[in-house]
Every structure is written in structure tokens, then in C-alpha cells.
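# A structural walkthrough
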Amino acid sequence: MAEYTLKTPLSEEDVRKLKVGDKVTLEGIIFGIRDANLIRMFDGKVPAPTDLTGAACIHTAPNVRKVGEGKYEPVCIGTTTSSRMDRFTPGLMEQYGVRAIIGKAGMMEASMEAMKKHGGCYLAIVGGAAAWETERILEIEDVWWEDLMPEAIWKFRTKNFGPLIVAMDSYGNNLYFDVKAKAAAKLDDIYKKIGAE
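Since this is a predicted model, take the numbers as computed values, not measurements. (Residues numbered from 1 in each chain as written. Predicted model: local features only at pLDDT ≥ 70, side-chain atom pairs only at ≥ 80, totals over all residues. Heavy atoms only, no water.)

### Overview of the overall build of the protein chain
A count of helical and extended segments in the protein chain gives six helices and nine strands. Once the C-alpha set of the protein chain is aligned to its principal axes, its extents read approximately 65 × 35 × 35 Å. Within the protein chain, buried positions represent 47% of all 197 residues. For the protein chain, the proportion of contacts with a sequence separation of at least 24, taken over those separated by at least 6, is 65%. Counting every atom, the protein chain has about 9,600 Å² of accessible surface; 52% of that belongs to carbon and sulfur. (Helix = DSSP H or I, 4+ residues; strand = E, 2+ residues; numbered from the N terminus. Buried < 20%, exposed > 50% of the residue type's maximum accessible area, 1.4 Å probe, protein only. Contact = heavy atoms within 4.5 Å. Areas by Shrake-Rupley, 256 points an atom, 1.4 Å probe, with all protein chains shown as cover.)

### A few points about the UniProt feature "domain: Fe-S hydro-lyase tartrate dehydratase beta-type catalytic" (unreviewed entry) in the protein chain
According to UniProt, the feature "domain: Fe-S hydro-lyase tartrate dehydratase beta-type catalytic" (unreviewed entry) maps to residues 5–177 in the numbering used here. The span residues 5–177 shows a helical share of 23% and a strand share of 36%, and its end C-alpha atoms are spaced 26 Å apart. (UniProt positions renumbered as here; feature names shortened; annotations may be inferred.)

### Thoughts on the pairing of strand E4 (residues 63–68)
As defined by bridge partners, E4 adjoins strand E5 (residues 71–76) across five bridges and the pair is classed as antiparallel. Residue pairing for E5: Arg65 is matched across the bridge by Glu73. (Pairing = 2+ DSSP bridges.)

### Concerning the environment of Ser170
If you trace the backbone, Ser170 turns up in the loop between strand E9 (153–168) and helix H6 (175–193). You can call Ser170 buried: its relative accessible area is 2%. Between the C-alpha atoms of Ser170 and Met85, which are 85 residues apart in sequence, the distance is 18 Å. Excluding anything up to four places from it in sequence, Ser170 contacts Val15, Arg16, Met115, Lys116, Gly119 and Gly120.

In C-alpha cells:
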């Protein structure tokens with residue numbers, strides 16, 4: 001398994017070289033997205049207020065402190081479970097050119113197919129690592145749709161944001177599905193050992 005440091009925005013070439021299990025550290029801008037702003041974009045058909053071409057987007061609704069008009073500083077930037085936002089990934093990649101989704105717990109088939117087709121990936125972050133994530137966010141550079149707080153769209157400037165694990169790559173490989181299959185293959189032996197045949 002390889003290790004990469006990538007600078008955003010990401011190119012298709014950047015993403016196509018990644019394989020499940022690789023470690024990635026990101027440098028540069030990461031956009032914070034979440035249910036409410038995605039619902040506005042796709043169900044409400046309101047265009048994204050910023051260019052997301054080549055973006056790495058993290059599923060988050062951060063805790064922040066307002067320090068001025070439209071200006072915030074990070075308090076605690078955690079990651080939320082990604083699977084419920086699965087239906088938005090195809091549009092993010094096809095319509096907006098997003099290259100990477102960062103989150104926890106993985107995504108489903110719709111996202112996997114979009115990643116294969118458009119050259120995207122899913123980068124897993126360890127759940128419960130909000131303090132670690134927050135330390136790697138140097139500044140909140142911008143925020144859009146503050147009426148959706150805390151599910152606005154956030155522009156984070158980061159340094160050494162990683163290592164993240166490539167859990168879904170652009171070739172249809174999925175670490176979560178692999179782990180589930182390996183666990184299922186061991187069930188018969190486990191049942192025999194505990195007498196639950």
C-alpha cells in the first residue's frame with residue numbers, strides 16, 4: 001500500500017493512481033458539506049455558491065465561533081456518517097467535478113459507480129477524531145448559506161490533513177465490502193467454536 005501527499009484541487013490523474021488501502025494526506029482547501037446544503041443543491045436545484053472542481057469535500061457540520069461578519073474560527077470540526085448522503089455523490093462528481101469525499105462509515109453502490117465513472121474516491125477518517133481534524137484546519141476561509149448553520153458550506157484551509165485511508169477507489173474497490181465479505185466467510189467457524197451451529 002502506497003502513501004501520497006496530494007494538494008487540492010485534485011486532478012483525475014491524482015485520484016486514478018489511488019488504490020483501496022493507500023494512505024493519503026491532503027494539503028490545501030477542503031470544503032465542508034452536509035445534508036442540508038446538499039438537499040438545497042440537488043432537491044432545491046440551487047447551484048453551489050462556489051466552484052467545486054477537483055474538490056475534496058468532508059461530511060461535517062462543524063462547531064465554530066463567530067469572530068466577525070461572515071468570519072468564523074474552528075472550535076471542533078468533526079466528521080459525520082456518510083452513507084445517508086450517498087444519493088448526492090453522483091451529482092457532486094458529474095455536475096460539480098468533486099474528486100474526493102471524506103467521511104466515516106463508507107458509502108454505497110451509487111457512490112461507487114460515480115467514483116468509477118468520474119474518477120473519484122472516498123477517503124475514510126477515523127470516527128471520534130474531531131480534535132485531531134480541528135488541529136489540521138488552519139483557517140475557515142469562507143462560508144456560504146449561513147442560514148443553514150451549522151450545515152452551511154465551509155471552505156477550510158488545511159495542512160497535513162491525514163493520513164486518510166482510501167476506502168473506495170475509482171476502480172470499484174470498496175474496503176467496507178471487503179471487510180464484510182471476510183467476516184461473513186468466518187461466520188461458520190465462529191458458530192462451530194461457540195456451539196451455535
